[in-house]
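Chains, contacts and geometry: an overview
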Amino acid sequence: MTRTRALFGWVAALLLVALSVMGQSATTGALSGTVKVDGAPMPGVTVTASSPALQGVRVTTTDSNGTYNFGLLAPGTYSVKFEMESMAPRTVQSLVGVGQIARADAALHLSTVSEAITVTAVAPAAVETQQVQANYQQHLIQELPVTRTLLATAALAPGVNANGPRGSQTISGAYSYDNLYMVNGVSVNENLRGQPHNLFIEDAIQETTVFSGGAISAEFGRFTGGVVNAITKSGGNNFSGSLRDTATNDKWTAKSAAPYKVTGGVATPVVVGDPTNKIANVYEGTLGGRIVRDRLWFFVAGRSQKNSTQRTFARSSQAYDVGTDNKRYEGKLTAQVAPAHSLVFSYLNNDTKNTNDCQLTAGCLDPTGLDAATSNPNKFYTAHYNGVLGSNLLVEAQYAKKKFAFVGFGGSSPVFEIGTLMRDFGEVGSGEGFNAPEFSGLFPENRDSNEWLLKGSYYLGTKNLGTHNFVVGANNYAEQRKSDNHQSSTDYAYWLTNYSANRDANGNVQTIHIAQDDYLIYYPIFQTSKGSNFKTFSTFVNDKWDLNQHVSFNLGARWDKLNAIDSSKIKVANESEISPRLGVIYDVQGNGRLRANASYSRYVSRLSEGIESNTTVAGTPGVLAYYYGGPEFTGTPHDALKVVKTWFDSLGGVKGLTDPNIRFVNNIPGATQQLLGGKIKSPHVDEWTVGFGSQIGKGYLRADYIHRDWKDFYATFRNASSGRVTDPNGITSDLALIGNTNLFSRTYRALDLQGSYRIINRIDLGGSYTFSKLHGNTEGETGGSGPVTDGSITSYPEFKKFAQYNPSGYLSADQRHRLRAWAAMDMPTAFGKFNLSLLERFDSGTPYSLVGTAVVSPYTAAIKAATNYVKPPTTLAYYFSKRGEFRFDDVTSTDLALNYEYPFVNAVRFFAQAQLLNAFNHQGQIGGDTSVLTNAQTNCFQTALDANGKQVRCARFNPYAGDVPKEGVNYQKGPLFGRPTTAATTANVAAGTASFQLPRTYRFSLGVRF
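Residues numbered from 1 in each chain as written. Predicted model: local features only at pLDDT ≥ 70, side-chain atom pairs only at ≥ 80, totals over all residues. Heavy atoms only, no water.

Examining the overall build of the chain
For clarity, the cut-off: Secondary structure is summarised from DSSP: a helix means a run of H or I of at least four residues, a strand means a run of E of at least two, and numbering begins at the N terminus for each. Burial classes follow relative accessibility: with a 1.4 Å probe on protein chains only, a residue under 20% of its type's maximum area counts as buried, one over 50% as exposed, and anything between as partly exposed. In what follows, a contact means two residues having at least one pair of non-hydrogen atoms within 4.5 Å. The protein chains shown are the only cover counted for residues, whose accessible areas, like all others here, come from Shrake-Rupley with a 1.4 Å probe. Lys and Arg are tallied as positive, Asp and Glu as negative. Neither His nor the chain termini are counted. The location of each charge is read from NZ of Lys, CZ of Arg, CG of Asp or CD of Glu.
A tally of regular secondary structure across the chain gives nine helices and 66 strands. Overall, the chain is about 105 × 70 × 55 Å in size when its C-alpha atoms are taken along their principal axes. Residues counted as buried form 55% of the 1010 residues belonging to the chain. Taking all contacts inside the chain whose residues are at least 6 apart in sequence as the whole, residues at least 24 apart take part in 73%. On the chain, roughly 40000 Å² of surface is accessible, and the fraction owed to carbon and sulfur atoms is 56%. One way to put it: in the chain the 90 positive side-chain charges average out to a point 3 Å from where the 80 negative ones average out.

In structure tokens form, the structure reads like this:
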């Protein structure tokens, strides 16, 4: 009774902090099962697990419930042998996936023959848990017509879309920056935008597991989306390896449908040129084997890619080549230092060098705006230990470090006329750059991270309360950034606003004309960065409790403690959050064939330094903008800038020019924006799921409903209580406070379906489908910045009290239907083995809105008088439609791959693959222009002409009085509204800037495996 009360106390304590790690690991898997004799559980059965992926064997015995458990198993195919005196031995084959719990049950019978019975376990891990998860083995990814990358593999899973900014990946409705990407159990996310670094070699990936909901293991944190976890190969007792050459060519991609441009105020199609006929190769090699059998294994891999892509300068037909040289290396040692104690060391290097890179989104006018040479060194080190300290106690420890840098990005001259960036916002310009590159290549930027993990697992079997797999662990993740974000190598930029640059016959900028009211902008770094350090210390606890053959629970929680030091060495966060993860599974028949599940979870995001850096003076540029008031001048950019500098210096420069009629922007970091209460916290999401899974012959089917609500949004506050601030230059501004709020909304509802089936051991069928809705009133991120604060409701709220300002509706990442269905068929012949695979993709169109700018300044006198802001808004966003009322095209693609393999010397096999993507050359529109013109723009004209036959500018309207604006009177759609603006080249599709899906494309690869 005392032991029972103690156990109930332990479970109750867990429920108070609630829920779920599953006993598996980010680098290993687990295997469990039940042994029965004549339908009754059998204790004392010897269970032996062996695999080519395991050094040695693992042995245990079944407990009083007839159950057994192996934790910390290297992913791979296992033979599980069951033995007991007077019983016929039985062997079951089972696949253990990374981060998954596999199951191998056995029924023993009295011995009548001496030989063992061998069967293949078919119970899929995907239905063993309440987690919405999918596991993809390398052999399937090699057969399908996909690129074999981390993102491409994850895109096969339910709930995973490529509908974030610039085509970035979103999972279960979260922001694209808020997923956790892991390689060998460690995060490879980039610090600011959260995208995964390419710290892998495709042929070296062994398998990938994707978690998209359903009480994702509490071992994983710092996300509100999903987890993508890939593990690389580890060698083995037998030597194996591969060599591969993958060839692509822009000429093998069909010509894109025509985008549009504005000519004389009218939308006209753009002539799409023929692609460049140049083969690009990606070379890969892997080799693994033993140094000492069952004691020390090695694995090495390499990858080399050189690309040269032809692009054109902005508003020009002048072409230039953008070069990329990417080399990746991997080394891995797996050592068994003692029986059931192993060490794994890995090293990954991904070094990318670029030439002729244009940093500006608007593009560069000529070669002077390009970075001649840049590099991104990227290194990744991991060390992992796991050990079995008894039949029921397992321990793990891990340490990792990732280093990443930007080198040479930006101009190289501190001389004003040479290193000052110029941008063309003149008569025909849209901000294109010339004279010098954006940013400064004189100061490299470092973005690093390190992480450690300690974890213990204990397996306990009881007679009356089932079996328990307890897990307790601690994790510390820290990311550092040292950056002085210079906007040019002189910290100045000059914007042409009156006249556009003049170019010669070759498209090079020859002369410019500067005039009064152009802009001179100074981006000072007031304090050098001392380096930031954002730490998240976490502990997690869990009990995977199998009460009986029908009911099991996953009870646990994660506690995250944030300790953030900004680049000024000031503490900006010291918050903590508990993340409950609670799940229950009901096995309807008690045999694993039909299970229902439900869960509740909370996931907490990592704190984004990109949000906090807005309030940090160190390394952050200020903005001092001046109207140019010097003489008009026509000449070369260098000569024009000399005139600008002479004028500027004659008035005292930065210190002397304080006249608000000249200096119209005065933004000093840390002065005009501050943290609310001096601290900020991470957003989180609450999730509820219900679902069921069924084993069907040699396959499975699973369905899950996911409901998510986000809280603690990043926000900018300017209101009656935020007050004013006077900066060091004596300029008074409305103080902006950066903090958290629940005034915004973001909700996700989805039905996820997934399944697979194998027919006659030659045909694999699989797929996933998601029906979802993403609804709310905040986007929360951009392609250029990643996470951003939203002040749409919280900044100057008195001016925004009309329904069409920021309505709730479908967000830009909403996607109603998403389907991935595939089939792979083996066709062995006397001439080798063929495999034909098909991948069918369908994505419904993403939304956009009819939203423009309303001029409100004529109608806000009373509000101004009542609020007394220094500089309230004069224009505000206005939705002329429902949010998300319009949709781009649905996208359909049929992709095919033909694989061939031929053994020609011992174990050496030649292989080749031909891929045909988008076989029917569908060219659905996935993006385009969404501009709306109002009285705020000078080129907005009413449909009707005046009495003299002249155009009349669009009329203002009063949103506060309930005016209903009319199209053709108060607003008009932009001349390209809803139309595509960018062709679908391979480069544009990869960058996420194309307006169409990728046209029909061919890819080829060949090589050898052994």
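A short note on the nonpolar core
One broad trend across soluble globular proteins is that nonpolar side chains are buried collectively. Put simply, the rule is: Here, the term nonpolar core denotes a set of buried Ala, Val, Leu, Ile, Met, Phe, Trp, Tyr and Cys residues that are joined through side-chain atoms within 4.5 Å.
Residues Ile216, Phe220, Phe223, Val227, Leu607, Ile680 and Trp710 are the most contacted members of the largest nonpolar core, which totals 39 residues. Only β14 (180-183), β37 (551-565), β38 (571-573), β46 (699-711), β47 (713-717), β50 (736-741) and β51 (746-759) provide two or more residues apiece to this core. Ranked by residues supplied to this core, first place goes to β47 with four residues. Those residues in contact with Trp710 that sit more than four places away from it in its chain are Ser172, Gly173, Ala174, Tyr175, Thr224, His684, Val685, Arg746, Thr747 and Tyr748. Among the nonpolar cores identified, the runner-up in size contains 27 residues, and Ala134, Leu156, Val188 and Phe380 belong to it.

Section: the pattern of salt bridges
For side chains of opposite charge, pairing can occur when their charged atoms come near one another. Applied cut-off: Salt bridge, as used here, is a side-chain nitrogen of Lys or Arg placed within 4 Å of a carboxyl oxygen of Asp or Glu.
Following the criterion strictly, the structure yields 37 salt bridges and no others. Among the ionic pairs, Glu219 bridges to Lys455, the shortest N-O distance being 3.1 Å. A residue pair is termed long-range when its members are at least 10 positions apart, and Glu219 in the loop between β16 (205-213) and β17 (227-232) and Lys455 in strand β30 (residues 445-461) qualify at 236 residues. The buried category is assigned to Glu219, whose relative accessible area is 8%.

Some remarks on the side chain of Gln130
Stated formally: Polar contact criterion, stated in full: a pair of N or O atoms within 3.5 Å, where within protein one must be able to donate a hydrogen and the other to accept it, and residues adjacent in sequence count only if both atoms are side-chain atoms.
Relative to the elements of secondary structure, Gln130 occurs in the loop between β10 (117-120) and β11 (132-137). For Gln130, a relative accessible area of 0% translates into the label buried. A distance of 3.5 Å separates the side chain of Gln130 from the backbone oxygen of Gly214, its partner in a polar contact. Here Ala215 takes part through its backbone oxygen, which lies 3.3 Å from a polar atom of the side chain of Gln130.

Here we look at the sheet that holds β11
Put simply, the test is: Note on pairing: two strands pair once DSSP finds at least 2 bridges between them.
Judged by pairing direction, the sheet is mixed, and its five strands sit side by side in the order β11-β16-β17-β14-β15 without closing on themselves. The strands lining the two open edges of the sheet, one partner per strand, are β11 and β15 (186-187). Where β11 and β16 come together, six bridges link them in antiparallel fashion. When the bridges of β16 are listed, Gln133 appears paired with Phe211.

A word on the sheet that holds β50
For the record, the criterion: Lines fitted to C-alpha atoms define the axes here, with helix axes fitted over just the stretch in contact, and angles between the N-to-C directions of these axes take values from 0 to 180 degrees.
Taken in spatial order, the three strands make up an open sheet running β44-β50-β47, and their pairing is mixed. Because the sheet does not close on itself, it has two edges, and the strands there are β44 (673-675) and β47. When strand polarity is set aside, the average angle formed by the axes of neighbouring strands in this sheet is 35°. As paired elements, β44 and β50 share three bridges and run parallel to each other. Along β50, the bridge assignment pairs Leu675 with Ile738.

Let's talk about the pairing of strand β34 (residues 509-514)
Bridging between strand β33 (residues 502-503) and β34 involves two bridges; their strand directions are antiparallel. In the strand pairing of β34, Asn502 is matched with Thr511. As consecutive antiparallel partners, β33 and β34 are separated by five residues, and within that stretch Gly507 has a phi angle of approximately 90°, a positive value. In terms of strand pairing, β34 meets strand β42 (residues 633-635) through three bridges, oriented antiparallel.

Observations concerning the side chain of Arg702
Along the chain, Arg702 falls in strand β46. Judged by its relative accessible area of 1%, Arg702 is buried. Within the structure, Arg702 has its side chain in polar contact with the backbone oxygen of Thr129 (distance 2.7 Å). Here the side chain of Arg702 touches Gln131 through a polar contact of 3.0 Å, landing on its backbone oxygen. Once residues within four sequence positions are removed from consideration, Arg702 is found in contact with Ala126, Val127, Thr129, Gln130, Gln131, Val132, Asn597, Phe692, Gly693, Asp752, Leu753 and Gln754.

Some words on unusual backbone geometry
Although it is not a glycine, Asn184 adopts a positive phi angle of roughly 55°. Note that Asn184 resides in the loop between β14 and β15.

Focus: the confidence of the model for the chain
Here is the rule: Summary of the metric used: pLDDT quantifies the predictor's per-residue confidence within the range 0 to 100.
Per-residue confidence for the chain gives a mean pLDDT of 92, with 96% of residues at or over 70. Across residues 1-23, confidence stays below pLDDT 50; counting only partners more than four residues off in sequence or on other chains, it has 69 contacts.

Things to note about helix α6 (residues 637-650)
Condition: In this scheme, a helix's expected span is set at 1.5 Å multiplied by one less than its residue total. Note that the arc is defined by the directions from the helix axis to the C-beta atoms.
The terminal C-alpha atoms of α6, which comprises 14 residues, lie 20 Å apart, in line with the 20 Å expected from a rise of 1.5 Å per residue. For α6, the set of buried residues is Pro637, Ala640, Leu641, Val643, Val644, Trp647 and Phe648. Looking straight down α6, one finds that the buried residues subtend no more than 155° of arc, so they occupy a single side. More than 90 degrees from the buried face of α6, the exposed residues found are Thr646 and Ser650. Two residues or fewer after α6 comes Gly652, characterised by a positive phi angle close to 100°.

Considering the state of the cysteines
To keep it simple, the criterion reads: Any two cysteine sulfur atoms within 2.5 Å of one another count as a disulfide.
Taken as a whole and assessed by the stated rule, the structure comprises two disulfides. A sulfur-sulfur distance of 2.1 Å marks the disulfide that ties Cys358 to Cys364. Where Cys358 bonds to Cys364 through sulfur, the torsion about that S-S bond is close to 95°, and the disulfide is right-handed. A single burial state applies to Cys358 and to Cys364, both of which are buried. The disulfide partner of Cys940 is Cys954, and the S-S distance across this bridge is 2.0 Å. Across the S-S bond of Cys940 and Cys954 the torsion is about -75°, and the bridge reads as left-handed. Residue Cys940 is located in the loop between β64 (932-934) and β65 (971-973), and its partner Cys954 is located in the loop between β64 and β65; the two are separated by 14 residues in the primary sequence. Here Cys940 falls in the buried class, since its relative accessible area comes to 0%. With a relative accessible area of 2%, Cys954 lands in the buried category.

Looking at the packing of aromatic side chains
To keep things clear, this is the line we draw: Classification of ring pairs rests on two measures: the distance between centres of Phe, Tyr or Trp rings, Trp counted by its six-membered ring, which must be within 6.5 Å, and the angle between planes, read as stacked under 30 degrees, edge-to-face over 60 and tilted in between. A ring is scored as having a charge over it whenever the NZ atom of a lysine or the CZ atom of an arginine sits within 6 Å of its centre and within 35 degrees of its normal.
Taken as a whole and assessed by the stated rule, the structure comprises 43 aromatic pairs. Between the aromatic rings of Tyr600 and Trp688, the centroid separation amounts to 5.5 Å while the plane-to-plane angle is 45°, which identifies the pairing as tilted. Taken as a pair, Tyr600 in strand β40 (residues 594-604) and Trp688 in strand β45 (residues 684-696) lie far apart in primary sequence, 88 residues in all. Judged by relative accessible area, which is 41%, Trp688 ranks as partly exposed. Both rings, one in Phe713 and one in Phe744, keep their centres 6.1 Å apart while their planes meet at 75°; by these two values the pair is edge-to-face. Highlighted residues: Phe713 in strand β47 and Phe744 in the loop between β50 and β51, separated in sequence by 31 residues. Of the two residues, Phe713 and Phe744, neither departs from the other in class, the shared state being buried. Put simply, the rings of Phe416, Tyr492, Tyr494, Tyr522, Tyr626, Tyr628, Trp647 and Phe648 touch in pairs and so form one group of aromatic residues. When the ring centre of Trp710 is taken as origin, the NZ or CZ atom of Arg746, which lies over that ring, is 5.6 Å away. When the ring centre of Phe911 is taken as reference, the NZ or CZ atom of Arg1009 above it lies at 3.8 Å.

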